[in-house]
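Analysis of the macromolecular model
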Amino acid sequence: PPPPSPPPPSPPPVAPNGYCHADCPQSLSDSTVLEDTRRLHTYTSLSAQDYYVSSTPTWYRFEDSSGNPSRMMATSDGLETSSYNCGATWRTWNSSPMPVMGEAPSTAQLCGFYRNCGASCIKNGVANCYNSVSLSPEDVPTCTCSYDQGATMTYMYQLTKTGTTYQNYCATGQP
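Just so it is clear, the structure is predicted and the values come from calculations on it, not from any experiment. Here the residue numbers are simple positions, counted from 1 along each chain's written sequence. Since the coordinates come from a predicted model, pLDDT governs what is reported: local features require at least 70, and pairs of side-chain atoms require 80 or more to be given and counted, while whole-chain, interface and lining totals use all residues. To get the side-chain values, take all heavy atoms of the structure and skip hydrogens and water.

Section: the overall build of the protein chain
Each helix corresponds to a stretch of at least 4 residues labelled H or I by DSSP, and each strand to a stretch of at least 2 residues labelled E; elements are numbered beginning at the N terminus. Counting secondary structure elements, the protein chain contains 0 helices and 10 strands. Partly exposed describes any residue whose relative accessible area lies between the buried limit of under 20% and the exposed limit of over 50%, with all areas from a 1.4 Å probe on protein chains only and scaled to the type maximum. Looking at the protein chain residue by residue over its 175 residues, the buried ones come to 38%. In this description, accessible areas are obtained by the Shrake-Rupley approach with a 1.4 Å probe, and a residue is regarded as covered only by the protein chains that are shown. Taken as a whole, the protein chain presents about 8900 Å² of accessible surface, with 54% of it coming from carbon and sulfur.

Structure, rendered in structure tokens:
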């Protein structure tokens, strides 16, 4: 007789409460806040510089000035229109979907634009994706967790300092 079939694969591990995967920060204190007021795509004065965040991968989350969760921009829409969107000459955004709350970390592709690149930001109707150092996308781990039993979601990104001064991670200002 043929050998028995192997068992089906196990589901990925999820923290017992289902609100945060075991490989993600298990409390808000396990991540660092990037306050998003100066990182909003509508903020057009040169200011914040994420070149000065940690040079080792660290979990970060965005919050508005009231402490409400926010997230990194998930589109390039509007970033090519001004010299200093997000308070920087280089604007970085997340081109990948975030994981579902409680799922394992996923890899996000971060993309960037330089100043008011206009039509050069778009190629064949799709936003070009590059970072300031290698002119190629940067991949980072991301997590989605809730620390209040599902009432709000916190989006986290394992970031390092940006490749150049006056480069920022752009935030939406919305949960």
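Read on for the rest.
What about the nonpolar core?
To qualify as a nonpolar core, a set must consist of buried Ala, Val, Leu, Ile, Met, Phe, Trp, Tyr and Cys residues joined through side-chain atoms within 4.5 Å. One finds L34, F62, M72, L110, Y157, L159 and Y169 to be the most contacted residues of the largest nonpolar core, which totals 14 residues. Every element with two or more residues in this core is listed here: β2 (58-63), β5 (106-114) and β9 (154-159). The greatest single-element share of this core, amounting to 3 residues, is contributed by β9. Core analysis: the second largest hydrophobic core is formed by 6 residues, C20, C24, C145 and M156 among them.

Side note on the side chain of R61
Considering the arrangement of structural elements, one finds R61 in strand β2. On the basis of relative accessible area, R61 is assigned to the buried category, the value being 8%. Of the polar contacts made by the side chain of R61, one reaches the side chain of S31; its length is 2.7 Å. Between N or O atoms, a polar contact is any pair within 3.5 Å; within protein, one atom must be a potential hydrogen donor and the other a potential acceptor, and residues adjacent in sequence are included only when both atoms are from side chains. A distance of 3.1 Å separates polar atoms of two side chains, one belonging to R61 and the other to E63. Whether two residues touch is decided by their heavy atoms; if any such pair falls within 4.5 Å, the residues are in contact. Those residues within four positions of R61 in sequence are excluded, and the remaining contacts are L28, S31, T32, V33, L34, T154, Y155 and M156.

Quick notes on unusual backbone geometry
In this structure, Q149 takes a positive phi of about 55° despite not being glycine. With respect to the secondary-structure elements, Q149 resides in the loop between β8 (138-145) and β9.

A short note on the pairing of β2
With 5 of 6 residues buried, β2 is to be regarded as a mostly interior element. Two strands pair if DSSP finds at least two bridges between them. With 4 bridges joining them, strand β1 (residues 32-35) and β2 adopt parallel strand pairing. The residue bridging V33 from the neighbouring strand is R61, located in β2. Sheet topology note: the β2/β9 ladder contains 4 bridges and is antiparallel. Bridge pairing in β9 places Y60 opposite Y157. Turn length for the β2-strand β3 (residues 69-70) hairpin, with the two strands adjacent in sequence and antiparallel, is 5 residues, and the turn residue G67 shows positive phi of about 85°.

A few points about the pairing of β9
Counting buried positions along β9 yields 5 of 6 residues, so the element is predominantly enclosed. As defined by bridge partners, β8 adjoins β9 across 4 bridges and the pair is classed as antiparallel. Following the sheet pairing, T144 is matched in β9 by Y155.

Notes on the packing of aromatic side chains
Working definition: a ring pair exists when centres of Phe, Tyr or Trp rings (six-membered ring for Trp) sit within 6.5 Å. Plane angles under 30 degrees give stacked, over 60 give edge-to-face, the rest tilted. Under the criterion given, the structure shown has 1 aromatic pair. Consider the rings of F62 and Y157, whose centres lie 5.6 Å apart with planes at 70°: the pair is edge-to-face. Note that F62 is positioned in strand β2 and Y157 in strand β9, a separation of 95 residues in sequence. Each member of the pair F62 and Y157 is classed as buried.

Notes on the confidence of the model for the protein chain
As a per-residue quantity, pLDDT reports the predictor's confidence and falls between 0 and 100. Summarising the model, the protein chain shows a mean pLDDT of 76, and 74% of its residues fall at 70 or more. Highest mean pLDDT in the protein chain belongs to β9 (92); lowest belongs to strand β6 (residues 122-123) (52). For the stretch residues 12-16, pLDDT sits under 50, and the model shows 7 contacts to residues farther than four places along the chain or on other chains. Segment residues 132-136 is flagged for pLDDT under 50; beyond a separation of four residues in sequence, or across chains, it makes 11 contacts in the model.

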